[in-house]
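A structural walkthrough
Single-letter residue listing:
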Amino acid sequence: MGQATAVFSYFCRKALLAYCRLDNRDNRSDVLMDFVRRIETNTSAIRELVTVSIEQNNSSQYYKLPMGLLLRSCLMDSLQGLYISSLSVNAADEMITQFDQDYVRSLPSRYEVYSDRSRLKDLGDVILRLSYGLQIEDHFPRYVDYSSVYDGYFQIKKPSKAKTIRAMYQDLQQQSCYKDLSRYLYAYFKTYSQYEHFSLMGLGDSLVPFDEEQPIISKPYEYISEAALYIVKCAVCDDKQIMSYMSAIGRNIKTINGSQK
């Protein structure tokens, strides 16, 4: 896992830096590369946990639970990025707007976090709620439904068609170029999703020693790297330098995993 994540981060960072130097970027390509950046960031965190596990915990499975949670996030971002890369430009922009709308819709339920700042404690709940609601309206006016009020706030517009990860996966299954890859990504996503939801049996999965786990824990990176390749290709339109970095990831990880034919 340490080698696989190191390879992924090394070449992915080179690709991301090269992308930043491009002139023909747009919102869709930026979002696609943001998914790749998220995957790389979580991958770097996994590698840090691997290092601590080896150096300080005698390669025990103690940190396997947080590794699995981070790996789940990598798989989810791979599916979402792959899904957006499969859409037309207009459909992708609509999906990106829905992501933002979901964020804004979460704000009213996060009031207690806003009010938990020590310097605001003396202002009182009524003033704080009014201030918080006004900030939402001022910063995100396009997402506010000014005709509907709930709990003292104007409500946030609902997305026209919210897509779950399962729905994205099902749509990807209808496209031959994504069918096999999305099947593996979704299966591993469901596997590591059990790390997030407590059950005694799921807890047992996270306690299996690394050298007894089959497939090995780095196996999902073969599919994550393939998804990242598709995502970046859609974002940069075959930029040779960037695509050479991304292509190197999958080849090297398969060699590390012993999967290279």
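What the protein chain contains, in helices and strands, is 11 helices and two strands. Written out in order from the N terminus, the α and β elements of the protein chain read α-α-α-α-α-α-β-β-α-α-α-α-α. Across its three principal directions, the C-alpha atoms of the protein chain cover 65 × 45 × 35 Å. In the protein chain, which comprises 261 residues, the proportion classed as buried is 44%. Contacts spanning at least 24 positions in sequence make up 71% of the contacts within the protein chain whose residues lie at least 6 apart. Here the protein chain has roughly 14,700 Å² of accessible surface; of this, 52% comes from carbon and sulfur atoms.

With that settled, consider the packing of helix α8 (residues 176–193) against helix α10 (residues 220–236). Remark: α8 packs on α10, axes separated minimally by 10 Å, with the N-to-C direction vectors making an angle of 130 degrees. The angle between α8 and α10 places the two elements in the oblique class. The two elements α8 and α10 meet at a crossing, and its hand is left-handed. Along its contact with α8, which presents Cys177, Tyr178, Leu181, Tyr184, Leu185, Tyr188 and Tyr192, the element α10 presents Pro220, Tyr223, Ile224, Glu226, Ala227 and Tyr230. Considering only residue class, the contact of α8 with α10 consists of 12 nonpolar, no polar and one charged.

It is worth spelling out unusual backbone geometry at this point. Here Gln214 and Pro215 are connected by a cis peptide whose omega angle stands at -5 degrees. Tracing the sequence through the fold places Pro215 in the loop between α9 (200–205) and α10.

This brings us to helix α3 (residues 64–85). Counted at 1.5 Å a residue, the expected span for α3 with its 22 residues is 32 Å, and the 31 Å between its end C-alpha atoms agrees. When you tally the buried positions in α3, you get 19 out of 22 residues, the bulk of the element.

What follows is about helix α1 (residues 2–20). For α1, which comprises 19 residues, the first-to-last C-alpha distance of 27 Å matches the rise-based estimate of 27 Å (1.5 Å per residue) to within 8%. The set of residues buried in α1 consists of Ala4, Thr5, Val7, Phe8, Ser9, Phe11, Cys12, Ala15, Leu16, Ala18 and Tyr19. Buried positions along α1 lie against α2 (27–57), α10 and α11 (240–257).

Formed by 63 residues in total, the largest nonpolar core has its most connected members in Phe8, Leu71, Leu185, Tyr221, Ile224 and Ile242. When residues of this core are traced back to their parent elements, those giving at least two are α1, α2, α3, α4 (89–106), α7 (165–172), α8, α10 and α11. The element that contributes the greatest number of residues to this core is α3, accounting for 10 residues. Residues contacting Leu71, with those up to four places away along its chain left out, are Met1, Ile46, Tyr192, Ile217, Pro220, Tyr221 and Ile224. One finds Tyr111, Ile136, Val144 and Ile156 within the second-largest nonpolar core, a separate group that totals 11 residues.

Reading guide: rules and limits
- Residues numbered from 1 in each chain as written.
- Predicted model: local features only at pLDDT ≥ 70, side-chain atom pairs only at ≥ 80, totals over all residues.
- Heavy atoms only, no water.
- Helix = DSSP H or I, 4+ residues; strand = E, 2+ residues; numbered from the N terminus.
- Buried < 20%, exposed > 50% of the residue type's maximum accessible area, 1.4 Å probe, protein only.
- Contact = heavy atoms within 4.5 Å.
- Areas by Shrake-Rupley, 256 points an atom, 1.4 Å probe, with all protein chains shown as cover.
- Axes fitted to C-alpha atoms, helices over the stretch in contact; angles between N-to-C directions.
- Parallel < 35°, antiparallel > 145°, perpendicular 65-115°, else oblique.
- Left-handed = near helix turned anticlockwise from the far one by under 90°.
- Nonpolar A, V, L, I, M, F, W, Y, C, P; charged D, E, K, R; others polar.
- Expected span 1.5 Å × (residues − 1).
- Core = buried A, V, L, I, M, F, W, Y, C linked by side-chain atoms within 4.5 Å.

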